[in-house]
Amino acid sequence: MPQSEPPHSRQPHSDGPHRSGHRRPAASDPRDSSHSDRVEGSSDAALPLTPSEDRRWATLSHFGGLMGCVPSLIIYLVFRDRGPFTAQESKEALNFTLPVTAVLLVCYVLALIPAVGWIFGLVAVFLWMLMTISGLVAGIECNKGRPYRYRMNLRLIH
């Protein structure tokens, strides 16, 4: 009876694909002559926003007032160099929401005081509603392509 080799000791054929899934290109493959060994990466500079994207991010920076100053801060830091309308409107939204968010956080902490905490709780709810409604109005105006200026804005960031 002839002995056979175990299946794992066999080598793959040199003209077929290897078991690892990689294929060794043949020297006469015409595709290899057009392929260069140079590898290119992406550019460090981000592409500018299109007008519709610029308006969209500007609108979202105002709508983010629902959650405080964090959304407008992120949009300002990421997109301020990519779109002029986004830079202008996210800075306006950040200037409005930053002080209000700070006052809200203080009110939340003071609301924990047993005797007078309910007053600070009501102030916090009022400020949050003011920030949310103002952000919605500003976002609607911004979505129409019109710049918006808050009536009570400190403009801390220039």
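Just above, that's the structure.
Residues numbered from 1 in each chain as written. Predicted model: local features only at pLDDT ≥ 70, side-chain atom pairs only at ≥ 80, totals over all residues. Heavy atoms only, no water.

K.L.:
Teacher, can you tell me more about the packing of aromatic side chains here?
P.N.:
Here the distance between the centres and the angle between the planes together describe a pair of aromatic rings. With the rule as written, the count across this model stands at three aromatic pairs. Where W57 meets F79, the ring centres are 4.4 Å apart and the plane angle is 25°; that geometry is what we call stacked. Here the residue W57 occupies a position in helix α2 (residues 51–63), and F79 occupies one in helix α3 (residues 70–79), the gap between them amounting to 22 residues. Assessed through its relative accessible area of 27%, W57 is described here as partly exposed. Owing to a relative accessible area of 11%, F79 belongs among the buried residues under this scheme. (Phe/Tyr/Trp six-rings, centres within 6.5 Å; stacked < 30°, edge-to-face > 60°. Helix = DSSP H or I, 4+ residues; strand = E, 2+ residues; numbered from the N terminus. Buried < 20%, exposed > 50% of the residue type's maximum accessible area, 1.4 Å probe, protein only.)

K.L.:
What is the right way to look at the packing of α2 against helix α4 (residues 84–110) in this model?
P.N.:
Describing two packed helices takes the angle between their axes plus the distance from one axis to the other. Interaxial distance between α2 and α4 falls to 8 Å at its minimum, and their mutual angle equals 5°. Classified by the angle between their axes, α2 and α4 sit roughly parallel to one another. For the pair α2 and α4, the contacting residues are E53, D54, R55, W57, A58, S61 and H62 in the first and P84, F85, T86, E89, S90, E92 and A93 in the second. Split into classes, the residues belonging to the contact of α2 with α4 amount to five nonpolar, four polar and five charged. (Axes fitted to C-alpha atoms, helices over the stretch in contact; angles between N-to-C directions. Parallel < 35°, antiparallel > 145°, perpendicular 65-115°, else oblique. Contact = heavy atoms within 4.5 Å. Nonpolar A, V, L, I, M, F, W, Y, C, P; charged D, E, K, R; others polar.)

K.L.:
Where do I start with unusual backbone geometry in this structure?
P.N.:
Apart from glycine, the bulk of residues carry a negative phi angle, and the bulk of peptide bonds sit in the trans form. Despite not being glycine, R155 shows a phi value in the positive range, around 50°. Residue position: R155 is located in the segment after α5 (117–143). Owing to a relative accessible area of 31%, R155 belongs among the partly exposed residues under this scheme.

K.L.:
How do you make sense of the pattern of salt bridges when you look at a structure like this?
P.N.:
Under the definition given, this model contains four salt bridges. One salt bridge in this structure joins E89 and R149, with 3.7 Å as the shortest N-O distance. Taken together, the positions of E89 in helix α4 and R149 in the segment after α5 put the pair 60 residues apart, joining distant regions of the chain. What makes E89 buried here is its relative accessible area of 0%. Looking at R149, the relative accessible area reads 39%, which means it is partly exposed. Salt-bridge contacts for E92 lead to R149; the nearest nitrogen and oxygen are separated by 3.5 Å. Note that E92 is positioned in helix α4 and R149 in the segment after α5, a separation of 57 residues in sequence. Among the residues examined, E92 registers a relative accessible area of 5% and is labelled buried. When salt bridges that share partners are traced, they join E89, E92, R149 and R155 into one network. (Salt bridge = Lys/Arg side-chain N within 4 Å of Asp/Glu carboxyl O.)

K.L.:
For this particular structure, what's the right way to read the side chain of S72?
P.N.:
One can find S72 in helix α3. Under the relative-accessibility criterion, S72 is labelled buried at 0%. A polar contact of 3.1 Å, which involves the side chain of S72, links it to the backbone oxygen of C69. Setting aside residues up to four positions removed in sequence, S72 forms contacts with S61, S90, A93, L94 and T97. (Polar contact = N/O pair within 3.5 Å; in protein donor to acceptor, adjacent residues only side chain to side chain.)

K.L.:
Any chance you could explain a nonpolar patch on the surface here in plain terms?
P.N.:
A cluster of nonpolar side chains, contributed by L66, M67, L105, Y108, V125, W128, M129, I133 and V137, occupies part of the molecular surface with about 880 Å² of accessible area. For the nonpolar patch, the secondary-structure elements that each account for two or more residues are α4 and α5. Note that M129 resides in helix α5. A relative accessible area of 43% means that M129 is categorised as partly exposed. (Patch = residues over 30% accessible without salt bridge, like charges linked within 9 Å, V, L, I, M, F, W, Y side chains within 5 Å. Areas by Shrake-Rupley, 256 points an atom, 1.4 Å probe, with all protein chains shown as cover.)

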